[in-house]
Amino acid sequence: MDSKEKTIELIEQALETVRPYLHADGGDVKFIDLTDDMIVKLELQGSCQSCPMSAMTFRAGLEESIRKAVPYVSKVVSVNVPELA
């Protein structure tokens, strides 16, 4: 397993810790990509796409969890919610 694969695995594990909260509100998140410059791309799904609290959930929940697991990530963005890009 190379370092990118290991990083993706850590990101997926971090997302799993947040998923139960997203599922409780009818939403989910999908890992899309990890770029060469360490930008994590996520897709918010279900009610998370249009929820007025999605920005807070994204920054305080998803991004924080990923940064704790993978401190060297440069940025976490959403591919389908423009204000989180």
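All of these numbers come straight from a predicted model, not from anything done at the bench.

Caption draft 1: Representation of the side chain of Thr35 in the model. For Thr35, the location among the structural elements is in the loop between β1 (27–34) and β2 (39–46). For Thr35, the side chain forms a polar contact with the side chain of Asp37, separated by 2.4 Å.

Caption draft 2: Highlighting the UniProt feature "domain: NIF system FeS cluster assembly NifU C-terminal" (unreviewed entry) in the protein. According to UniProt, the "domain: NIF system FeS cluster assembly NifU C-terminal" (unreviewed entry) feature falls on residues 11–77. Along residues 11–77 the backbone is 45% helical and 28% strand, and the end-to-end C-alpha distance reaches 13 Å.

Caption draft 3: Just the sheet that holds β1, in detail. The strand order β1-β2-β3 describes an open sheet built from three strands, whose pairing is mixed. The two strands at the open ends of the sheet, each matched to only one other strand, are β1 and β3 (75–78). Sheet twist, expressed as the average angle between the axes of neighbouring strands with direction ignored, equals 30°. Bridge count for β1 against β2 is seven bridges, and the pairing is antiparallel. If you follow Lys30 over to β2, its bridge partner there is Glu43. Of the strands in this sheet, β1 and β2 are in contact with helix α1 (residues 3–24), which crosses β1 at around 170°.

Caption draft 4: Examining α1 more closely. In this model, α1 (22 residues) spans 33 Å end to end at C-alpha, consistent with the 32 Å of a helix rising 1.5 Å per residue. Val18 marks where α1 bends most, by close to 40°; the proline Pro20 follows one to four residues later. Within α1 the residues assigned to the buried category are Thr7, Ile11, Ala14, Leu15, Val18, Arg19 and Leu22. Elements in contact with the buried residues of α1: β1, β2 and α2 (54–69). Capping the start of α1, Asp2 holds a side-chain oxygen 3.1 Å from the backbone nitrogen of Lys4, two or three residues further along. Gly26 lies just past α1 and shows a positive phi near 80°.

Caption draft 5: Quick look at the environment of Leu42. Of note, Leu42 is situated in strand β2. Note on Leu42: relative accessible area 0%, which makes it buried. Remark: the alpha-carbon pair of Leu42 and Val77, spanning 35 residues in sequence, is separated by 6.2 Å.

Conventions and cut-offs
Residues numbered from 1 in each chain as written. Predicted model: local features only at pLDDT ≥ 70, side-chain atom pairs only at ≥ 80, totals over all residues. Heavy atoms only, no water. Helix = DSSP H or I, 4+ residues; strand = E, 2+ residues; numbered from the N terminus. Polar contact = N/O pair within 3.5 Å; in protein donor to acceptor, adjacent residues only side chain to side chain. UniProt positions renumbered as here; feature names shortened; annotations may be inferred. Pairing = 2+ DSSP bridges. Axes fitted to C-alpha atoms, helices over the stretch in contact; angles between N-to-C directions. Contact = heavy atoms within 4.5 Å. Expected span 1.5 Å × (residues − 1). Bend = angle between axes of the 7 residues up to and from the residue. Buried < 20%, exposed > 50% of the residue type's maximum accessible area, 1.4 Å probe, protein only.

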